[in-house]
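# Examination of the molecular architecture
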Amino acid sequence: MAETAVATKTVKLVITRQDAPDSAPYTEEFEVPYRANMNVISALMEIQRNPKKVDGQKTAPVCWESNCLEEVCGACSMVINGKPRQACSSLIDQLEQPVRLAPMKTFPVVRDLVINRERMFNALKRVKAWIPIDGTYDLGPGPRMAETKRQWAYELSKCMTCGVCLESCPNVNDRNSFIGPAAISQVRLFNAHPTGEMNKEERLEALMEDGGIEGCGNSQNCVRSCPKGIPLTTSIAAINKDTTKHLFKKWLGM
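Keep in mind it's a predicted model, so treat the numbers as computed, not measured.

Throughout the structure, instances matching the rule amount to eleven salt bridges. Among the salt bridges present, the one from Arg49 reaches Glu46, with a minimum N-O distance of 3.0 Å. Taken together, the residues span about one helical turn, with Arg49 and Glu46 both in helix α2 (residues 40–49) at a distance of three residues. For Arg49, a relative accessible area of 57% corresponds to the exposed category.

This part is about the nonpolar core. Val127, Leu166, Ile179, Ile184, Leu207 and Ile239 are the most contacted members of the largest nonpolar core, which totals 34 residues. The set of elements that each furnish at least two residues to this core consists of α3 (118–126), α4 (147–156), α5 (164–168), α6 (181–192), α7 (200–207) and α9 (232–251). Counting contributing residues per domain, this core is built from domain 1 (10–115) and domain 2 (118–251), each supplying no fewer than three. When residues no more than four places from it in sequence are discounted, the contact partners of Ile184 are Phe178, Ile179, Leu207, Ile213, Ser235, Ile236 and Ile239. Formed by 24 residues, the second largest nonpolar core is a distinct cluster that contains Tyr34, Val40, Met78 and Val99.

In this structure, Phe248 sits in helix α9. Since its relative accessible area comes to 44%, Phe248 is described here as partly exposed. Separated by 21 residues in the primary sequence, Phe248 and Pro227 have C-alpha atoms spaced 36 Å apart.

With that settled, consider the domain arrangement of the protein chain. With domains assigned, the protein chain is organised as domain 1 (10–115) and domain 2 (118–251). Spacing between the C-alpha centres of domain 1 and domain 2 amounts to 31 Å. Each partner contributes to the interface: domain 1 provides 13 residues, whereas domain 2 provides eleven residues. Summed over both sides, the interface of domain 1 with domain 2 buries roughly 1000 Å², with 59% coming from carbon and sulfur. For the pair domain 1 and domain 2, the number of links is zero salt bridges. Here domain 1 is connected to domain 2 by five residue pairs in polar contact (both at pLDDT 80 or more). Residue assignment for the side of domain 1 that touches domain 2 shows that the elements contributing at least two residues are β3 (77–80) and β4 (83–86). No other element matches β4, which puts three residues into the side of domain 1 that touches domain 2. Residues that form the side of domain 1 that touches domain 2 fall into these classes: six nonpolar, four polar and three charged.

Residues Ile133, Tyr137, Leu139 and Met198 make up a contiguous nonpolar surface patch of roughly 460 Å² in combined accessible area. With respect to the helices and strands, the residue Tyr137 is situated in the loop between α3 and α4.

This next bit is on the sheet that holds β3. Taken in spatial order, the five strands make up an open sheet running β2-β1-β5-β3-β4, and their pairing is mixed. Edge strands, defined here as strands with exactly one partner in the open sheet, are β2 (26–33) and β4. The mean inter-strand angle of the sheet, taken between neighbouring strand axes irrespective of direction, is 35 degrees. In this structure, strand β1 (residues 10–17) lies alongside β2, joined through eight bridges in antiparallel fashion. When the sheet's bridge partners are listed, Ile15 is paired in β2 with Glu28. Across the face of the sheet, α2 comes into contact with β1, β2, β3 and β5 (99–102) while running at roughly 95 degrees to β2.

Turning next to a positive patch on the surface. The grouping of Lys200, Lys241, Lys245 and Lys249 at the surface amounts to a positive patch. With three residues, the single largest contributor to the positive patch is α9. If you trace the backbone, Lys245 turns up in helix α9. Under the relative-accessibility criterion, Lys245 is labelled partly exposed at 46%.

Turning our attention to α3. Burial in α3 covers these residues: Met120, Ala123 and Leu124. Angularly, the buried residues of α3 cover 100 degrees about the axis, an arc narrow enough to put them on a single face. Among the structural elements, α5 and α6 are those in contact with the buried residues of α3. Immediately downstream of α3, the backbone of Lys128 shows phi near 50 degrees, a positive value.

Analysis parameters
- Residues numbered from 1 in each chain as written.
- Predicted model: local features only at pLDDT ≥ 70, side-chain atom pairs only at ≥ 80, totals over all residues.
- Heavy atoms only, no water.
- Salt bridge = Lys/Arg side-chain N within 4 Å of Asp/Glu carboxyl O.
- Helix = DSSP H or I, 4+ residues; strand = E, 2+ residues; numbered from the N terminus.
- Buried < 20%, exposed > 50% of the residue type's maximum accessible area, 1.4 Å probe, protein only.
- Core = buried A, V, L, I, M, F, W, Y, C linked by side-chain atoms within 4.5 Å.
- Domains from an automatic or database assignment.
- Contact = heavy atoms within 4.5 Å.
- Buried area = accessible area lost by both parts, 1.4 Å probe.
- Polar contact = N/O pair within 3.5 Å; in protein donor to acceptor, adjacent residues only side chain to side chain.
- Nonpolar A, V, L, I, M, F, W, Y, C, P; charged D, E, K, R; others polar.
- Patch = residues over 30% accessible without salt bridge, like charges linked within 9 Å, V, L, I, M, F, W, Y side chains within 5 Å.
- Areas by Shrake-Rupley, 256 points an atom, 1.4 Å probe, with all protein chains shown as cover.
- Pairing = 2+ DSSP bridges.
- Axes fitted to C-alpha atoms, helices over the stretch in contact; angles between N-to-C directions.
- Lys, Arg positive; Asp, Glu negative; His and termini not counted.
- Charge placed at Lys NZ, Arg CZ, Asp CG, Glu CD.
- Arc of directions from axis to C-beta.

Here is the structure:
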């Protein structure tokens, strides 16, 4: 009897869909067979295999993004039951039904649950979130980092550009150009690197422009929502201090 009950159990999903970037969103309801330990991606795959709405009508398969399926790539970010998170680590057994899926609103929708993260990647370009080393020849061993410094820097390096922190931040929207917590935290990471600190002032200058660190309202939504537990508000406070010191040095001509 127990096996029969599990076999007939289903998962209900209400998905916000959008056929094109400039078309209006709408919702469709689905019901898929339940399996133990299934996640949201598994449910979406069931819909892809048999794209029928709850009323039995055929529909187009739902579009979404995923890659690693182990909360590393950040591609499957979406709003699940009102909360931005990763679909791969969202287990059906831990979600209230019907499971409501929607694209993150901070980013332009490409189709259905697929979004355009260009805003986030442009922010990383703006602050030069990389270590520029010219040439392909052997430079030898680089400078060593102190172990205590390396430990907290490693925590910042866990960022997977999923966009969840931007989605949860009330200051990141289409009405302003706030760069967002992810890019600020990456500035702290690369400015702490023994080689990356060569461009420290250039990164700080970028954050002192319009849409930079002054756009943070300290809501702390970002640190509460980050799936990797990155101390984003700690980074924002540290960079706020660094930009202030840099400003005073400029005033004093140092």
